[in-house]
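# Coordinates in review
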Amino acid sequence: MTFKEKIMLAQKNNIFIPFDLANNQNIVGVYKIFGEKNERRTCLYIGKSTNIAYRLLGSGGGYIYMYLNNNLSKLVPCIIDKYIKDGYKIEIEIIKVEYKDTSFSRAAHRLALAEISEIVKYQREGQCLEQMPEGVGMNEEKFWEENYKIEEINSSLPKYLSNFPYFTGFSAHSLVK
C-alpha cells in the first residue's frame, strides 16, 4: 500500500494527514497530533522525526499505520484509538525544521529544541501530558512523585506560580518575604 493510499484510508477513519507526506519525501520536523470534537481542539501528542512520512505511515512501526492495522502496542496508536472511540477526529500538523548544517550536533539539537518547545507550549495548557521525554521511565516518575510533586489544590495558584517566570523573568516565590 502506498503512502497516498494509507492517507486516504486514514481519512475514512477520521484521521487527517497532510498530503505532503503522500510522496514519502524526507520531511524533517515536528509532527503534532490533535483531537477535535465540537469545535474543541486538543493536542494529544508531539514528536520529531527526520522522516515524518515514515514515522506516521511506514509499515515498520508508523503510528498511523499501526492504528489502521489495530496494532495498539505503542502509546500513540493507543491515544488515537481512545480519542477516535470518543468521537474525535484526528488531525496531523507538521512544522518543518531546517536540518542542513555543517554540524550534525547543531542540526539534531535544533530538531530536538523545536519538539521540546512545542511540547512545553501545549503542556502549559494542560495538553500532551501523557508523553514523557526520551529516556524517562516509571522509576523517574515514582522518584519525582515521592520527592518533588506538589499536591494540587482547587485553585489556579500553583499553575500561576509555576508559569510566573515565563511571563516576568523571575520567580513568584522571590516576591514573598
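Here the structure is a predicted model, which is why all the values come from computation and not from measurement.

### Quick look at the nonpolar core
- Ranked by size, the top nonpolar core spans 27 residues in total, and within it I15, I17, L21, L56, I64 and I90 carry the most contacts.
- Dropping the residues within four chain positions of it, L21 is found in contact with F3, I7, I27, I52, A53, L56, L57 and I94.
- Counting 10 residues, the second-largest nonpolar core is a separate cluster that includes V30, F34, L111 and I119.

### So, the sheet that holds strand β1 (residues 15-16)
- Read from one edge to the other, the open sheet built from four strands follows the order β1-β4-β2-β3, with strand pairing classed as mixed. Both outer strands of the open sheet, β1 and β3 (40-49), are each paired with one neighbouring strand and no more.
- Where strand β2 (residues 29-37) and β3 come together, nine bridges link them in antiparallel fashion. Each bridged residue has a counterpart across the sheet, and for Y31 the counterpart in β3 is G47.
- Of the strands in this sheet, β1, β2, β3 and β4 (89-96) touch helix α4 (residues 75-85), which is tilted by about 165 degrees from β3.

### Some remarks on the pairing of β2
- The element β2 is extensively covered by neighbouring structure, given that seven of its nine residues are classed as buried.
- Hairpin connection from β2 to β3: two residues lie between these consecutive antiparallel strands, with N38 at a positive phi of about 50 degrees.

Reading the values: the criteria
Residues numbered from 1 in each chain as written. Predicted model: local features only at pLDDT ≥ 70, side-chain atom pairs only at ≥ 80, totals over all residues. Heavy atoms only, no water. Core = buried A, V, L, I, M, F, W, Y, C linked by side-chain atoms within 4.5 Å. Buried < 20%, exposed > 50% of the residue type's maximum accessible area, 1.4 Å probe, protein only. Contact = heavy atoms within 4.5 Å. Pairing = 2+ DSSP bridges. Helix = DSSP H or I, 4+ residues; strand = E, 2+ residues; numbered from the N terminus. Axes fitted to C-alpha atoms, helices over the stretch in contact; angles between N-to-C directions.

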